[in-house]
Amino acid sequence: MANTTLVSKLTETSSARTTDATKGKTSAEIAIQPRAHSSPAFKVSTSGLSLVRESLCQKGLREETLQIIMASWRDSTQKQYAGYLQKWQRFCSGRKVDIFSPPVEEVLHFLTELFEANCGYSALNTARSALSTFIVLPGNISVGNHPLVTRFMKGVFQSRPTFPKYTEIWDVNVVLSYLKTLSPVAKLSLKDLTYKVTMMLMLLSGQRIQTIQLLDLKDMTMSKSQFTFKVSSKVKHTKPGRHLQDLKFKAYAPDRRLCIYTYLQKYLAVTKPLRGDETKLLISFHKPYQAVSRDTIRRWIKQVLSNSGIDTNVFSAYSTRSASVSAANSKGVPLDKILLAGGWSHASTFSKYYNKPIVSTHGCDYGSSLLNLD
C-alpha cells in the first residue's frame, strides 16, 4: 500500500527568493521559481505526488481506495514524478494558474521552460507523464495526449534527439579473460570470490542489477549441475500476466575457471557461517555481513570492469547488461532466449535499444555461449 507520508504538509511559498536560496539548484529548478507577484496564500507541497492524491480526493473516493490507487505507481516512478510535480506547483504559483485545471497553453509554457533549462526529450517526457496522472483537459483528454502536447514533444525530439547511450559496447571476452585470472577457487579471498560471482551472475543472466540484488537462498534450488533461482519479488518489467523467468546457472565443464556452478557453490560454503539468518544471496564481505544494496553491487561491478581494463569513465556498471545481451546476440543465441533474459516483450525494442541487427539461430544456450571465447 502507498505510504501515508506521501501526503505532506503544505508549506508557504515565499514571494521573494534570496540569492542563497538558489545555490545548489539545477538550472531547471531555478528556471521555474515563482515570480514576485505569486500569491502568498498559495501552498507548495514538499511531495509532488500529493497533487495526485489531492486530485483523487476531489472525486470523493474512500481512503482505502485512494491508497490502492496510489500504490499503482512504483517507488522509482514516484521519485521520478515528484520533482517535476513540485516544479509544476512552483510554476503555477508564479503564474496564478489552476494546478488541476490549467489551460493547455500553460502546460506548454511549463514544458518550454524545462526545455530552455536544457532538459532533454526523456526528461520532458517524464514531466508530461507526471502531469498526465492528474490533469484532464476539456473533452476528457489527458494532458499528455493533447494534440498540441504530442506535437510539441515531436518538436523536442527533432530539436534535441535521443540516441542509444552506447553505440559500441565493451567486449565480454575481455572481462571473462580477467575473471579467469581469479582462480583457483580454493585460493580466492572472500572479496575476490564475491566480485567474480557477482560479475558472472550479471553476464550469464543478462539481468539488471536490481534482479541480482533480489536473489534469495529461500528461492534457490541446486542440482548436480545447475543452480536455479526463482525471483519472488517484483522487478522492473513485472506486469500483470508477465514476470521474470527462473534464472538458471549451469556448470561449465570446458573451463572450470569460468564455471559459475563451481564458484557459486564455493561462495555459499564460505558465506554460510557468516550470514546468520540473512537469506539474500549476495552479502557484504565485511562485517556485519549483511545483504547489500544495488549501489554496492554497482560498485563491485565497476571495480571488476576497471580491473579488466574497461574504461569506467565511459561505461557504467549498468552497461554489463548491454554487453551481455549484445554478446549473446552476436554469438547466435536464439532471439526468444535473449528476449526472456532481457525482459523484453518485442524484438523491435531490443534492436532499437542496442542499435544492432538481430541474429536469430537455434540450439544455443544463453550462458554457455558467452563463455565460448573462440
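Before any of the text, the structure's been laid out above.
Okay, so let's go over this structure.

Calculation rules
Residue numbers restart at each chain and count upward from 1, following the sequence in its written direction. In view of the model being predicted, local features appear only for residues whose pLDDT reaches at least 70, and side-chain atom pairs are presented and counted only at 80 or more, with totals across whole chains, interfaces and linings using the full set of residues. The basis for the side-chain values is all heavy atoms of the structure; hydrogens and waters are excluded. In this text, helices come from DSSP runs of H or I with a minimum length of four residues, and strands from runs of E with a minimum of two, each type numbered from the N-terminal end. With a 1.4 Å probe rolled over the protein chains alone, any residue whose accessible area is under 20% of its type maximum counts as buried; one over 50% counts as exposed, and the rest are partly exposed. Where accessible areas are quoted, they stem from the Shrake-Rupley method and a 1.4 Å probe; at the residue level, only the protein chains shown are allowed to cover. Ring pairs shown here join Phe, Tyr and Trp side chains whose ring centres sit within 6.5 Å, with only the six-membered ring taken for Trp; geometry is labelled stacked below 30 degrees between planes, edge-to-face above 60, and tilted in between. Both a distance and an angle decide whether a charge sits over a ring: NZ of Lys or CZ of Arg must be within 6 Å of the ring centre and within 35 degrees of the ring normal. Every angle, taken between N-to-C directions, lies between 0 and 180 degrees, and every axis is a line fitted to C-alpha atoms, over only the stretch in contact when it is a helix. The crossing is said to be left-handed when, going from far helix to near helix, the turn is anticlockwise and less than a right angle, and right-handed when the turn is clockwise. Whether two residues are in contact is decided by their heavy atoms, any of which lying within 4.5 Å being enough. Any residue that is not Ala, Val, Leu, Ile, Met, Phe, Trp, Tyr, Cys, Pro, Asp, Glu, Lys or Arg is counted as polar, Gly included; the first ten are nonpolar and the last four charged. An angle below 35 degrees is read as roughly parallel, one above 145 as roughly antiparallel, one from 65 to 115 as roughly perpendicular, and any other as oblique. One less than the number of residues in a helix, times 1.5 Å, gives the span that helix is expected to have. Here a strand pair is declared whenever DSSP counts at least two bridges between the two strands. Criterion for a salt bridge: a side-chain nitrogen of Lys or Arg within 4 Å of a carboxyl oxygen of Asp or Glu.

1. Some remarks on the overall build of the protein
Right, on to step 1. Along the backbone of the protein there are 16 helices and seven strands.
Right, on to step 2. For the protein, with 374 residues in total, the buried portion stands at 46%.
Right, on to step 3. Element-wise, carbon and sulfur atoms account for 51% of the exposed surface of the protein, whose accessible area totals about 19400 Å².

2. Considering the packing of aromatic side chains
Right, on to step 1. For the structure on display, the rule yields ten aromatic pairs.
Right, on to step 2. Taken together, a centroid distance of 5.5 Å and an interplanar angle of 80 degrees make the contact between Y121 and F157 edge-to-face. On the criterion of sequence distance, the pair formed by Y121 in helix α6 (residues 121–132) and F157 in helix α7 (residues 147–159) is long-range, its members being 36 residues apart.
Right, on to step 3. Using a relative accessible area of 33% as the deciding quantity, one classes F157 as partly exposed.
Right, on to step 4. When the ring of Y195 is compared with that of F285, the centres are 5.8 Å apart and the planes differ by 85 degrees; the resulting orientation is edge-to-face. Of this pair, Y195 sits in helix α9 (residues 190–205) while F285 sits in the loop between α11 (260–275) and α12 (294–308), and the two are 90 residues apart along the sequence.
Right, on to step 5. Cluster of aromatic residues (ring-pair linked, three or more members): W88, F91 and F110.
Right, on to step 6. Looking at R160, its charged tip hangs above the ring of F115, at a distance of 3.8 Å from the centre.

3. Structural notes on the packing of helix α4 (residues 75–95) against helix α5 (residues 104–116)
Right, on to step 1. As a packed pair, α4 and α5 sit with axes 11 Å apart at the nearest point and diverge in direction by 115 degrees. Considering how the two elements wind past one another, α4 and α5 form a crossing that is right-handed. Contacts between α4 and α5 involve Y84, K87, W88, F91 and R95 from the first element and E106, V107, H109, F110, E113 and L114 from the second.
Right, on to step 2. For the contact of α4 with α5, the class distribution of residues is six nonpolar, one polar and four charged.

4. Here we look at the packing of α9 against α12
Right, on to step 1. Two elements in contact, α9 and α12, have axes separated by 9 Å at closest approach and are oriented at 95 degrees. Compared by their axis directions, α9 and α12 come out roughly perpendicular. Contacts from T194, Y195, T198, M199 and M202 of α9 reach α12 at I297, W300, I301, Q303, V304 and L305.
Right, on to step 2. For the contact of α9 with α12, the per-class residue count stands at eight nonpolar, three polar and no charged.

5. Things to note about α5
Right, on to step 1. Under the 1.5 Å per step criterion, the end-to-end length of α5 is 18 Å for 13 residues, consistent within 8% with the ideal 18 Å.
Right, on to step 2. Every buried residue belonging to α5 is among V104, E106, V107, L108, F110, L111, E113 and L114, and all of these are buried.
Right, on to step 3. The positive-phi residue at the C-terminal boundary of α5 is N118, with phi of around 75 degrees.

6. Quick word on the pairing of strand β6 (residues 226–229)
Right, on to step 1. Residue alternation in β6 divides its side chains into two sets, Q226 and T228 and F227 and F229, and both sets are buried.
Right, on to step 2. Sheet analysis places strand β5 (residues 220–222) next to β6, joined by three bridges and oriented antiparallel. Pairing of T221 across the sheet is with T228, part of β6.
Right, on to step 3. Count of turn residues in the β5/β6 antiparallel hairpin: three residues.

7. Remarks on helix α2 (residues 50–57)
Residue pairs three or four apart in sequence face the same way in an α-helix, which turns once every 3.6 residues.
Right, on to step 1. The buried fraction of α2 is high, at six of eight residues.
Right, on to step 2. Along α2, the residues that are buried comprise S50, L51, V52, R53, S55 and L56.

8. Considerations on the pattern of salt bridges
Right, on to step 1. For the coordinates displayed, the defined rule picks out seven salt bridges.
Right, on to step 2. Residues joined by salt bridges that share partners form a network here, namely R95, E106 and E113.

9. Section: the pairing of strand β7 (residues 247–250)
Right, on to step 1. Residues L247 and F249 of β7 are buried on one face, while the alternating residues K248 and K250, pointing to the opposite face, are not.
Right, on to step 2. Inspection of the sheet shows β6 paired to β7 by four bridges, in the antiparallel sense. Pairing of Q226 across the sheet is with K250, part of β7.

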